[in-house]
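# Secondary and tertiary structure notes
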Amino acid sequence: MPQVQDIFNRIAPVYDQMNDWFSLGQHRIWKQMTVQWSGAKPGSVAIDLCCGSGDLTRLLARQVGSSGQVYGVDFCQNLLAIAQHHYTWTPIEWVEADVLHLPFSDHTFNAATMGYGLRNVCSIPQALQELHRVLKPGATAAILDFHRPSQPLLEQFQQWYLNQIVVPYAQQQGLTEEYAYIIPSLQRFPLGSEQVKLAYQAGFAHAVHYPIAGGMMGVLVATKSGHLLHSKETQLGFPKI
């Protein structure tokens, strides 16, 4: 989606600062929870999709350790450049790619994470299908993103916070257009129960959505079947980079 790609290229220099400010630093806790839900272990080969500036990728790399390997994938050159500058150790390889067309073979990864990316793809079903394709049998993906709270008061607070705090602060930084898109993107984003249905439709054997931060955030945890369903899928692949 070129428009979204342009937005993230423009906000790249202040992306981490804005995330810290808007979430009062809580996004780091939510990302650590996401890594834990992914089931990544020491020695795992894992992928972080829509990795941005790489903070979730770094947490994933710490989880898999020096014996593992992590691929941070994003379609935004400017954010990847920041990630490459900050995080240079061996377990991480940075890849510029679209999550709808990943340059990896089938059944490559033991675990996957995504932070604030699913809401921005142009086809959520295709993104989930592609994620399912590259995961090994039995592997789990954990996907963190905004969520609309079920309680009316919390939903009102979320709307107030975005309209009165996030967008005005972004406006002061000259980034009104870049952050104003959050509100309509959230309104279009499927609720947790709908995300679970989409995960099953993409082929996942088990899916659950965990609301966090009063339901203003959520993590979709989807696990692939532990068995290969077709004989042509019996050869596990490795990254085609």
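What counts and what doesn't
- Residues numbered from 1 in each chain as written.
- Predicted model: local features only at pLDDT ≥ 70, side-chain atom pairs only at ≥ 80, totals over all residues.
- Heavy atoms only, no water.
- Salt bridge = Lys/Arg side-chain N within 4 Å of Asp/Glu carboxyl O.
- Helix = DSSP H or I, 4+ residues; strand = E, 2+ residues; numbered from the N terminus.
- Buried < 20%, exposed > 50% of the residue type's maximum accessible area, 1.4 Å probe, protein only.
- Phe/Tyr/Trp six-rings, centres within 6.5 Å; stacked < 30°, edge-to-face > 60°.
- Core = buried A, V, L, I, M, F, W, Y, C linked by side-chain atoms within 4.5 Å.
- Polar contact = N/O pair within 3.5 Å; in protein donor to acceptor, adjacent residues only side chain to side chain.
- Contact = heavy atoms within 4.5 Å.
- Disulfide = S-S within 2.5 Å.
- pLDDT = per-residue confidence, 0-100.
- Pairing = 2+ DSSP bridges.
- Axes fitted to C-alpha atoms, helices over the stretch in contact; angles between N-to-C directions.

## Quick word on the pattern of salt bridges
Within the structure shown, the criterion is met by four salt bridges. Residue Asp 145 pairs with Arg 119 through a salt bridge whose shortest N-O separation is 2.7 Å. Taken together, the residues span a long stretch of sequence, with Asp 145 in strand β5 (residues 135-146) and Arg 119 in the loop between β4 (109-115) and α6 (124-134) at a distance of 26 residues. As far as the burial class goes, Asp 145 and Arg 119 line up, both buried. Linked through salt bridges whose partners overlap, the residues forming this network are Asp 106, Glu 130 and Arg 133.

## Side note on the packing of aromatic side chains
All told, the structure shown has five aromatic pairs when counted by the stated rule. With a centroid separation of 5.4 Å and 70° between ring planes, the pair formed by Tyr 71 and Phe 104 is classed as edge-to-face. With Tyr 71 in strand β2 (residues 69-74) and Phe 104 in the loop between β3 (92-96) and β4, the pair connects residues that are 33 residues apart, well separated along the chain. Here Tyr 71 matches Phe 104 in class, with each residue buried. Among the aromatic residues, those joined into a ring-pair cluster are Tyr 71, Phe 104 and Phe 109.

## Regarding unusual backbone geometry
Located in the positive-phi region is Cys 50, a residue other than glycine, with phi close to 55°. Mapped onto the elements, Cys 50 comes out in the loop between β1 (45-49) and α4 (55-64). Phi is positive for Tyr 116, close to 55°, though the residue is something other than glycine. With respect to the element layout, Tyr 116 can be found in the loop between β4 and α6.

## Examining the nonpolar core
If you look at the biggest cluster of nonpolar residues, it comprises 34 residues, and the most contacted ones within it are Phe 104 and Leu 118. If you list the elements that add at least two residues to this core, you get β1, β2, β4, α6, β5, α10 (192-201) and β7 (217-223). With five residues, the top contributor of residues to this core is α6. Of all hydrophobic cores here, the second largest spans 15 residues; its members include Ala 46, Cys 51, Val 70 and Ala 83.

## Examining the side chain of His 107
Note that His 107 resides in the loop between β3 and β4. Exposure remark for His 107: the relative accessible area of 4% places this residue in the buried category.

## A closer look at the side chain of Thr 140
Relative to the helices and strands, Thr 140 resides in strand β5. Judged by its relative accessible area of 12%, Thr 140 falls in the buried class. Of the polar contacts made by the side chain of Thr 140, one reaches the side chain of Thr 223; its length is 2.8 Å. For Thr 140, the residues in contact, after removing those within four places along its chain, are Trp 37, Ser 38, Asn 110, Ala 111, Ala 112, Leu 135, Val 221, Ala 222 and Thr 223.

## Considering the state of the cysteines
What makes a disulfide is a covalent bond joining the sulfur atoms belonging to two cysteines. Tallied over the full model, the rule gives zero disulfides. Sulfur of Cys 76: no disulfide; nearest cysteine sulfur belongs to Cys 51 and is 9.3 Å away.

## A few points about the confidence of the model for the chain
When the pLDDT values of the chain are averaged, the result is 81; 73% of them are 70 or greater. Throughout residues 7-15 the model reports pLDDT below 50, and contacts reaching past four residues in sequence, or to other chains, amount to 24 contacts. For residues 229-241, every residue scores under 50 in pLDDT, and the model assigns this stretch 26 contacts once sequence neighbours within four places are set aside.

## Points about the sheet that holds β7
Strand order in this open sheet of seven strands is β3-β2-β1-β4-β5-β7-β6, and the pairing throughout is mixed. Edge positions in the sheet fall to β3 and β6 (206-212), since each of these pairs with one other strand and no more. The mean angle between the axes of side-by-side strands here comes to 15°, regardless of whether they run parallel or antiparallel. Of the pairings in the sheet, the one linking β1 to β2 comprises five bridges and is parallel in character. Note on β2: the bridge partner recorded for Leu 49 is Val 73. Set on the sheet, helix α5 (residues 77-86) makes contact with β2 and β3; between it and β3 the angle comes to about 165°. Along the sheet face, α10 touches β6 and β7 and points at about 160° away from the line of β6.

## A short note on the pairing of β6
On a regular strand, each side chain points to the face opposite its neighbour's, so the side chains alternate between the two faces of the sheet. One ladder, built from seven bridges, connects β6 with β7; its direction is antiparallel. Of the residues in β7, the one forming a bridge with Ala 207 is Ala 222. Between the antiparallel neighbours β6 and β7 lie four residues, among them Ala 213 with a positive phi of about 55°.

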